[in-house]
Amino acid sequence: MVEQLNLWVDALHPVWQFLAVFVIGVVPFLESYTGTLVGTVTGMPVLLAAAGAIAGNVLALVVAVRLGDRARRGLGRRASRPPSERRQKVIARVDRYGVPVASLLAPTLMAISVTAFGMVAAGLDRRQVVIWQVVAVVVWAALFAAIGLGALSAFG
């Protein structure tokens, strides 16, 4: 079955291969790591699979950060209210571990784009969040590319 899938993927033009993993990368909870893994296991060149999945995930990340910034500004208009319990938890965890650690570990709990939205909406520095979330996207894609290559060599 894997051989048939590989033959089918090999027959596709590289642009279609890229777009397929790009779309996977855009979807929250699938993101760069799933797109890279799927692309690698189906026989795409690893760099093409990773580039497509990362590009899709970064697009979703940018949209989430913009929406988070809008939400923060909208919530700022109601500044007379005390911060919600959820916001206090996000800020406390990020204060404890820092944006880099929170960004790198976020995919173990929730989607990277959802995490970015929450951090920016909570008032964290947008630039720092974007930089570290992009680093997380690339690191997780590389990790799952290695897992996919390992699976291919073990089972293929």
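Scope of this entry: the structure provided in the associated data block. Being a predicted model, the structure only gives us computed values, none of them experimental. (Residues numbered from 1 in each chain as written. Predicted model: local features only at pLDDT ≥ 70, side-chain atom pairs only at ≥ 80, totals over all residues. Heavy atoms only, no water.)

Before going further, it helps to examine the environment of valine 99. Tracing the backbone shows valine 99 in helix H5 (residues 85–105). Assessed through its relative accessible area of 6%, valine 99 is described here as buried. As a C-alpha pair, valine 99 and leucine 124 span 25 residues in sequence and 8.5 Å in three-dimensional space. (Helix = DSSP H or I, 4+ residues; strand = E, 2+ residues; numbered from the N terminus. Buried < 20%, exposed > 50% of the residue type's maximum accessible area, 1.4 Å probe, protein only.)

Before going further, it helps to spend a moment on helix H3 (residues 31–41). When we look at burial in H3, the residues that qualify are Glu31, Ser32, Tyr33, Gly35, Thr36, Gly39 and Thr40. After H3 finishes, the residue glycine 43 shows a positive phi value of roughly 100°.

Next up on the list: the environment of proline 28. On the secondary structure map, proline 28 appears in the loop between helix H2 (14–26) and H3. Considered as a pair, proline 28 and glycine 118 are 90 residues apart in the sequence and their alpha carbons are 14 Å apart. Among all residues touching proline 28, those that are not within four sequence positions of it are Ala111 and Ser113. (Contact = heavy atoms within 4.5 Å.)

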